[in-house]
Amino acid sequence: MSYVAPPTVVDSMLDAGETKTQHSSGQLVLRAAFSVMLLAGATVLAITAAQETGIDLIGALLFPMGLVIVVLLNVELLTGNFALVPLAVVHRQANMKGLLRNFGWVLLGHLLGGVFAATMFAALLSRWWTTDPDNVAQGIIDMTITKTLEYQELGYLAGAGLALLSGILCNWLVALGVVLGMTSSSTAGKIMAIWPPIAAFFALGLEHSVVNLFLLPAGMMLGAPVSIDDWWLWNQIPVLLGNLIGGFFLIALPLYFAHRKN
């Protein structure tokens, strides 16, 4: 059977976390840029489907294809690394230097790839910035405003706190999807295991820091009245922290203590 038991999954999590600290800096940046571009394509597809059908759930059901490809191709995803790499440090298969090095280079790769993908999609959707936003472009603009200025209206403690909480819940589901991908040795099994929690996070409108590294600059390029300060202060920084908390404390550590034999 293709099913992989939880104790073996925990071993795979530890090995994956260790391996991720051993890639060269160039490999980390390349793999991270590649993965965020896959998520960018899935995000635009999901928004297009939601706008065309008027049913947001349709977009949520399509979005997981991006993370499925990321997992199957074994490239770098910071939100998955938030669960796997610290766990390897806890188990002493990796160290803090390797963790910080991985997080730093992967974040840089996501930023470069996200802005590059945002530029390409913004140019495409606006016909080189010569037309007014269509439904898809307006959907991206609206999401950018929702993810920044609506938090700002609440004040920093409540607004950033809400972004933090959304980030925690988001990576509870996203890291769950990454781990569930390890519960099968078959491609079909991995796809079926990953899909539900990723569709759930998108349907719930939760905050994913890697997707936002594409979505928010794309919205800004398309005309959203959002500044770089708004992007980072009201969304990116609290969401990154929330994703780290959700992935490590709500997924990695509980599974480790529940299923690790020693």
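Since we're looking at a predicted model, the values are computed, not measured.

Reading guide: rules and limits
- Residues numbered from 1 in each chain as written.
- Predicted model: local features only at pLDDT ≥ 70, side-chain atom pairs only at ≥ 80, totals over all residues.
- Heavy atoms only, no water.
- Helix = DSSP H or I, 4+ residues; strand = E, 2+ residues; numbered from the N terminus.
- Expected span 1.5 Å × (residues − 1).
- Buried < 20%, exposed > 50% of the residue type's maximum accessible area, 1.4 Å probe, protein only.
- Contact = heavy atoms within 4.5 Å.
- Polar contact = N/O pair within 3.5 Å; in protein donor to acceptor, adjacent residues only side chain to side chain.
- Core = buried A, V, L, I, M, F, W, Y, C linked by side-chain atoms within 4.5 Å.
- Salt bridge = Lys/Arg side-chain N within 4 Å of Asp/Glu carboxyl O.

## A few points about helix α7 (residues 135-146)
With twelve residues, α7 extends 16 Å between its outermost C-alpha atoms, agreeing within 8% with the 16 Å of an ideal straight helix rising 1.5 Å per residue. What α7 keeps buried is the set V136, A137, G139, I140, I141 and T144. Buried residues along α7 sit in contact with α2 (25-53), α6 (96-125) and α11 (209-221). The opening residue of α7, the one whose side-chain oxygen lies 3.2 Å from the backbone nitrogen of V136, is D134.

## Focus on the side chain of S166
Turning to its location among the elements, S166 is positioned in helix α9 (residues 156-180). S166 sits in the buried class, given a relative accessible area of 9%. The residues contacting S166, other than those within four sequence positions of it, are Y151, G205, L206 and E207.

## A few points about the nonpolar core
Among the nonpolar cores identified, the biggest contains 69 residues, and M13, L39, F63, L67, F201 and F214 are the most heavily contacted of them. Those residues within four positions of F63 in sequence are excluded, and the remaining contacts are L39, A42, T43, A46, I198, F201, F202 and V211.

## Points about the pattern of salt bridges
Tallied over the full model, the rule gives three salt bridges. Across the pair D11 and R260 runs a salt bridge whose closest N-O atoms are separated by 2.2 Å. Of this pair, D11 sits in helix α1 (residues 6-20) while R260 sits in the segment after α12 (228-259), and the two are 249 residues apart along the sequence. Judged by its relative accessible area of 33%, D11 falls in the partly exposed class. A relative accessible area of 25% places R260 in the partly exposed class. As a salt-bridge pair, K147 and E207 come within 3.1 Å of each other at their nearest N and O atoms. Linking K147 in the loop between α7 and α8 (149-152) with E207 in the loop between α10 (187-203) and α11, this pair joins segments that are 60 residues apart in sequence. Grouping residues by exposure puts K147 and E207 together as buried.

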